[in-house]
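Structural description and commentary
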Amino acid sequence: MTGAATTERDQQDARDAEHVDVLVVGAGVSGIGAAHHLRERFPDRSFTILEAQDDRGGTWWTHRYPGARSDSDLFTYGYRHKPWRGPSIAGGDQILSYLDEVIDEDDLAGHIRYQHRVTALDWSSEDRRWTAEVTRTDTGDRLRLTTDFLWMCQGYYNHDDPYTPEWPGTDRFEGRIVHPQAWPGDLDVDGKQVLVIGSGATAATVVPALAGTAGHVTMLQRSPSYWFPAPTVHELATMLEPLDLPDEWTHEILRRTYVQQLDWLATTGRDDPDQLHEFLVETIRPLLPEGTDVEKHFVPRYRPWQQRIAFVPDGDFFTAMREGQASVVTDEITEFTEKGVQLASGEVIEADVVVTATGFNLSVLGDIPFRVDGEPVDFSRRVTWRGMMISGVPNMAYAFGYFRHSWTLRVDLINDVVARIFERMDERGASTVVPELRPGDEDMPLLPWSDPANFNPGYVMRSQDKMFRQGDREPWTHMHEHDHERASLPAADLDNGLTYRP
């Protein structure tokens, strides 16, 4: 049976469930933030949140590897409207508790449908609405929901397909190979030799978390990354604590402090990369064990911020190194052996457990098939409108945060713009809004979603061919920094590139 015939059959078998004004896809940080804005700005609009997982939190629900925590401070990763009361760097369970408070305060629980996976999205210009085909992962039932506006907040991880390179000999390795995104609950590393492959944010978290119980943890990297030993509790928070300030004041003071710090890191990386390089390398040098080959293991080959900086709370990774519980090897894998891995240098690292902290694959709008008036949408041939809507796709916004600043700083700004678009539609009596290239834009070059000269980690480069594009002029660009967008997005011209229809 053809794919089109299968889809038609599934639609016929689906049960009509409900119609809502706004359908939010994803109950993670982005989806819960969008729902808060709907509650606050548009209390009369009906909405439902569909979540494929069996609980809230997105990444913070699925990532259960040891030590899973934020690599951004929570005063900027937390919502603008909801004061964060804990340490600046927090674990996944603390973040879930914070999200639970938002769900409770905004009475969102009754709006969330867990284990509801969206399998197709179809826009009808005649009906002026989206139809979502949904499969319940707990029962297998198929449902059909309709909505006037689609708000995609599913994040950018492909939770079901983490990235793992293919190495020769993995089938003969006698130990256990695990990926952090699929961490097994029965894994015991007590006294064992653990090899962690990778040097990104996940490795920076897993290594110190395992170092206390494992016999030894070795981090194997092909090339070095940049690191920054951020304090778990900001010294300013310690100074403010005796003043007994309202939570809102403390939150705002620390939020602005961290924004300023992140602005400095981002702008210095762009305008004076040599200065930032020296700052980052020299900051960690005194934290390393005596005799460490800093040039080999901790001096990257790329410009600061071309890839993410690994934030290390209180330098715990380096503490594990100094105490002899962890070490770093810079080399490439030739093959797996029965007892470990053979490296290009000839060295063999023996291991009982290998953790492939090798990254993830990006998901383009949840990898859900989209159709507009029966025609499939090829996102790789579409252009983004300000990093939140897609050309030719009506009544749809998507949430995508920052890579160099906290994700949620941008999500809050996007929510504000979407609210303004709703208000503009109401003012004009419009039922439809769609980004459309202006006559002068139709011949502009379609540039990569992410300029490799600006930001080029593996997970981004692996997905360039399937991601949407950007243009060479406003409003068809994105990947700007927060210091630019906190002024440009609130002032965005909602008639520039957007068409409204009755």
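Look up: the structure comes first, before these words.
Since the model is a prediction, treat every value here as computed from it, not as a measurement.

**Focus: the overall build of the protein chain**
Secondary structure assignment for the protein chain yields 14 helices and 23 strands. A globule of 502 residues ought to have a C-alpha radius of gyration of about 23 Å, and the protein chain, at 24 Å, matches this closely. Taken over the C-alpha atoms alone, the protein chain extends approximately 70 × 60 × 50 Å along its principal axes. For the protein chain, the residues scored as buried account for 54% of the 502 residues in total. For the protein chain, the proportion of contacts with a sequence separation of at least 24, taken over those separated by at least 6, is 71%. Approximately 21,500 Å² of the protein chain is accessible, and the part contributed by carbon and sulfur atoms is 46%. Within the protein chain, the 82 negative side-chain charges are centred at a point lying 4 Å from the centre of the 48 positive side-chain charges.

**Some details on helix α9 (residues 273-284)**
For α9, which comprises 12 residues, the first-to-last C-alpha distance of 17 Å matches the rise-based estimate of 16 Å (1.5 Å per residue) to within 8%. Those residues of α9 that sit buried are Leu276, Leu280, Val281 and Ile284. Down the axis of α9, the buried set is contained in an arc of 120 degrees. They therefore lie on one face. Turned more than 90 degrees away from the buried face of α9, the exposed residues are Asp274 and Glu278. Among the structural elements, β10 (227-228), α8 (247-271), α10 (294-298) and α11 (316-322) are those in contact with the buried residues of α9.

**Some details on the pairing of strand β14 (residues 340-343)**
Pairing of strand β13 (residues 333-336) with β14, which is carried by 3 bridges, proceeds in the antiparallel orientation. From the neighbouring strand, Ile333 faces β14, where its bridge partner is Leu343. The hairpin formed by β13 and β14 contains 3 residues between the paired strands. Inspection of the sheet shows β14 paired to strand β15 (residues 348-350) by 3 bridges, in the antiparallel sense. Bridge pairing in β15 places Gly340 opposite Glu350. Counted between consecutive antiparallel strands, the loop separating β14 from β15 contains 4 residues, among which Gly346 sits at a positive phi close to 100 degrees.

**A few points about the packing of aromatic side chains**
Summed over all chains, the structure comprises 37 aromatic pairs. For the ring pair Phe400 and Trp449, a centre distance of 5.7 Å and an interplane angle of 80 degrees mean the geometry is edge-to-face. One end of the pair, Phe400, is in the loop between β21 (396-398) and α12 (407-428); the other, Trp449, is in the loop between β22 (432-435) and α13 (458-461), and 49 residues separate them in sequence. Phe400 gets classed as buried once you look at its relative accessible area, which sits at 10%. Judged by relative accessible area, Trp449 falls into the buried class, the value being 1%. Grouping aromatic residues by their ring pairs yields a cluster made of Tyr156, Tyr157, Phe360, Tyr398, Phe400, Phe403, Trp407, Trp449, Phe455, Tyr459 and Phe468. Geometry around Phe422 places Arg45 over its ring, the cationic atom sitting 4.9 Å from the centre. The ring of Trp385 carries Arg386 above its face, with NZ or CZ at 5.6 Å from the centroid.

**Concerning the sheet that holds β15**
In any sheet, the strands associate via hydrogen bonds between backbone groups, in a parallel or an antiparallel arrangement. In space, the 3 strands of this open sheet follow the order β13-β14-β15, with antiparallel pairing throughout. Unpaired on one side and paired on the other, β13 and β15 mark the two borders of the sheet. With strand direction ignored, the average angle separating the axes of adjacent strands in the sheet is 25 degrees.

**A look at the nonpolar core**
Counting 97 residues, the largest nonpolar core has Trp151, Met152, Phe370 and Met396 as the members making the most contacts within it. A per-element tally of this core places α12 first, with 11 residues. Filtering out sequence-adjacent residues up to four positions away, Met396 remains in contact with Trp130, Phe149, Leu150, Met152, Leu365, Phe370, Met388, Met389 and Ile390. With 45 residues, the next largest nonpolar core counts Tyr65, Trp183, Leu210 and Phe298 among its residues.

**Let's talk about the pattern of salt bridges**
One pass over the structure, following the stated rule, counts 36 salt bridges. The shortest N-O distance in the salt bridge between Asp16 and Arg144 comes to 2.5 Å. Separated by 128 residues along the polypeptide, Asp16 in strand β1 (residues 15-25) and Arg144 in strand β6 (residues 142-152) bring together distant segments of the chain. Residue Asp16 is classed as exposed on the basis of its relative accessible area of 55%. Judged by its relative accessible area of 17%, Arg144 is buried. Arg428 is the partner of Asp495 in a salt bridge, and the nearest nitrogen-oxygen pair spans 2.7 Å. With a gap of 67 residues between them, Asp495 in the loop between α14 (482-488) and β23 (498-501) and Arg428 in helix α12 connect regions that are remote in the sequence.

**Points about the pairing of β6**
Summarising burial for β6: 9 of the 11 residues are buried, a large majority. Of the strand pairs in this sheet, β1 and β6 are connected by 9 bridges, and their pairing is parallel. When the sheet's bridge partners are listed, Val22 is paired in β6 with Phe149. The pairing of strand β5 (residues 129-136) with β6 spans 6 bridges and is classified as antiparallel. Bridging from a neighbouring strand, Thr135 pairs with Arg142 of β6. The loop that links β5 with its antiparallel partner β6 comprises 5 residues; one of these, Gly140, has a positive phi angle of about 85 degrees.

Parameters at a glance
Residues numbered from 1 in each chain as written. Predicted model: local features only at pLDDT ≥ 70, side-chain atom pairs only at ≥ 80, totals over all residues. Heavy atoms only, no water. Helix = DSSP H or I, 4+ residues; strand = E, 2+ residues; numbered from the N terminus. Rg over C-alpha atoms; globule rule 2.2 N^0.38 Å. Buried < 20%, exposed > 50% of the residue type's maximum accessible area, 1.4 Å probe, protein only. Contact = heavy atoms within 4.5 Å. Areas by Shrake-Rupley, 256 points an atom, 1.4 Å probe, with all protein chains shown as cover. Lys, Arg positive; Asp, Glu negative; His and termini not counted. Charge placed at Lys NZ, Arg CZ, Asp CG, Glu CD. Expected span 1.5 Å × (residues − 1). Arc of directions from axis to C-beta. Pairing = 2+ DSSP bridges. Phe/Tyr/Trp six-rings, centres within 6.5 Å; stacked < 30°, edge-to-face > 60°. Lys NZ or Arg CZ within 6 Å of the ring centre and 35° of its normal. Axes fitted to C-alpha atoms, helices over the stretch in contact; angles between N-to-C directions. Core = buried A, V, L, I, M, F, W, Y, C linked by side-chain atoms within 4.5 Å. Salt bridge = Lys/Arg side-chain N within 4 Å of Asp/Glu carboxyl O.

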